[in-house]
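# Coordinate analysis (summary)
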Amino acid sequence: MQNRFTQLFLVLIVSTFLFSSCKKEYSTDEPFEDVFTPSLFIGSQNQFLYALDPVTGDKKWEFYAGGNIQSAPVVLKEYVFVTTENGKIFKLDAKRGTLVTTYTIPGLITATPVAEGDYIYVGSDNDSMYSIDIVADTFEWKQKVGGPVFSSPLIYDTMVVFGCNDGKVYSLDKEDGLNVWTFTAGGQFTSSPAFQDTVILIGNTNGRMYGLRVFDGTKIWEYATGGGILSSPIAYGGNCIFGSNDGNLYCLDLISHLPRWAPIPLNDRVVSSPYAFNQVIYVGSYDRKMYAIDIIDGFIKWEVKTDGLIKSSPMVYQVNDKLNILYFGSFDKYLYALDPETGDQKWKQNINGLIESSPVIDKMDGRPGNTSSISGNSPN
């Protein structure tokens, strides 16, 4: 009997050894992390926001917003915010296009929000300016003003500065929304402000460009054109550059407040806001063309014709040391990517809707994205 148990014990030991030696060993390697590259965002009147590869134009993802998209998208932290005309602001995961939350504002929104820190600021035609905390997803404050707000705000130090259709420019405290100062001109301020040093630059439908002292709103100077100014100005190289409904592009010296060169006729209204890059001004016109203009003498370096009017503001993205790309949209439903030096087309993408929105780039580095000049933003 004892021999039998001994044999069984030996068999068990051998079996255990054999099964152990056949046991599969699995890798302890973790799965590869997703790799995300920069994205180009653009919206249109087909109610979709698109994320595209900025170099190839290939679509990464799309998001249905359920309303026309006129304002430019806004990139802040790891999110992209898209605003629709029907009062919705969608907070999306910028990498994947998935919805995080939705903010609702009663009224029409056409102005591009402006982002700073943990907040975005946006106006509406319900006569109000809003501050939204994008971390808590709550409204920080709402300030009633005297008319619809179609001007994008400018953040200057502790102030939120914007124009209003009641013919006034408002400066609010960005912490609580209380009024700091007000400037009254008549007409309507739908142009968005820019600034140079301590001077606010903003255009009016009365055809005048104003220079205001940022601390108290005192008028320093004004310059009259032959048409309403809806184009947002930029400050670049000591100049104030903007378009007018009289069909001209203007460049004013910020010291003398006089033209640096004669106004350039662009054959139709200029609502698109200029963009400056490497001493060249890029601007679109209702004559269906995008122009590249030398800032020094106002010489037109090149022009590119599309099949629709251009209201979208352009922007240039520096992909790397050797590659720069100019982007803009057209009412012919295409988003264009051009060589900013020559105007040669790199690609164009059919967005299937009229494009009033301006493009924005997310570099995926956690910083605010490259923007057009729709809110007075452009490299100084």
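Please refer to the structure higher up on the page.
Structural notes, computed from the coordinates. (Residues numbered from 1 in each chain as written. Predicted model: local features only at pLDDT ≥ 70, side-chain atom pairs only at ≥ 80, totals over all residues. Heavy atoms only, no water.)

### Describing the sheet that holds strand E5 (residues 79-83)
Strand order in the open sheet made by the four strands is E4-E5-E6-E7, with antiparallel pairing throughout. Single-partner strands in this sheet number two, and they are strand E4 (74-76) and strand E7 (99-104). The sheet shows a mean angle of 20° between the axes of neighbouring strands, direction not considered. With five bridges joining them, strand E6 (residues 88-93) and E7 adopt antiparallel strand pairing. If you follow Leu92 over to E7, its bridge partner there is Leu99. (Pairing = 2+ DSSP bridges. Helix = DSSP H or I, 4+ residues; strand = E, 2+ residues; numbered from the N terminus. Axes fitted to C-alpha atoms, helices over the stretch in contact; angles between N-to-C directions.)

### Some thoughts on the side chain of Ser313
Topologically, Ser313 is positioned in the loop between strand E27 (300-305) and strand E28 (315-320). A distance of 2.9 Å separates the side chain of Ser313 from the backbone nitrogen of Ser273, its partner in a polar contact. (Polar contact = N/O pair within 3.5 Å; in protein donor to acceptor, adjacent residues only side chain to side chain.)

### Focus: the sheet that holds strand E18 (residues 208-213)
Judged by pairing direction, the sheet is antiparallel, and its four strands sit side by side in the order E16-E17-E18-E19 without closing on themselves. Looking at strand neighbours, the two that pair on one side only are strand E16 (194-196) and strand E19 (219-224), the edges of this open sheet. Across the sheet, the mean angle from the axis of one strand to that of its neighbour is 20°, orientation sign disregarded. Bridge analysis of strand E17 (residues 199-203) against E18 gives five bridges, and the strand direction is antiparallel. By the bridge assignment, Gly203 is partnered in E18 with Met209.

### Considerations on the pairing of E27
Pairing of strand E26 (residues 289-294) with E27 involves five bridges; the strand directions are antiparallel. Residue Met290 lies in a different strand from E27, and its bridge partner there is Val304. Between E26 and E27, which follow one another and run antiparallel, lie five residues, and Gly298 among them has a positive phi close to 75°.

### So, the packing of aromatic side chains
Considering all chains together, one arrives at 19 aromatic pairs under this definition. On the basis of an interplanar angle of 65° and a centroid distance of 6.3 Å, the ring pair of Tyr79 and Phe81 is categorised as edge-to-face. Each member of the pair, Tyr79 together with Phe81, is buried. The rings of Phe48, Tyr50 and Tyr64 are connected pair by pair, giving a single aromatic cluster. (Phe/Tyr/Trp six-rings, centres within 6.5 Å; stacked < 30°, edge-to-face > 60°. Buried < 20%, exposed > 50% of the residue type's maximum accessible area, 1.4 Å probe, protein only.)

Any functional reading would require information that these geometric values do not contain.
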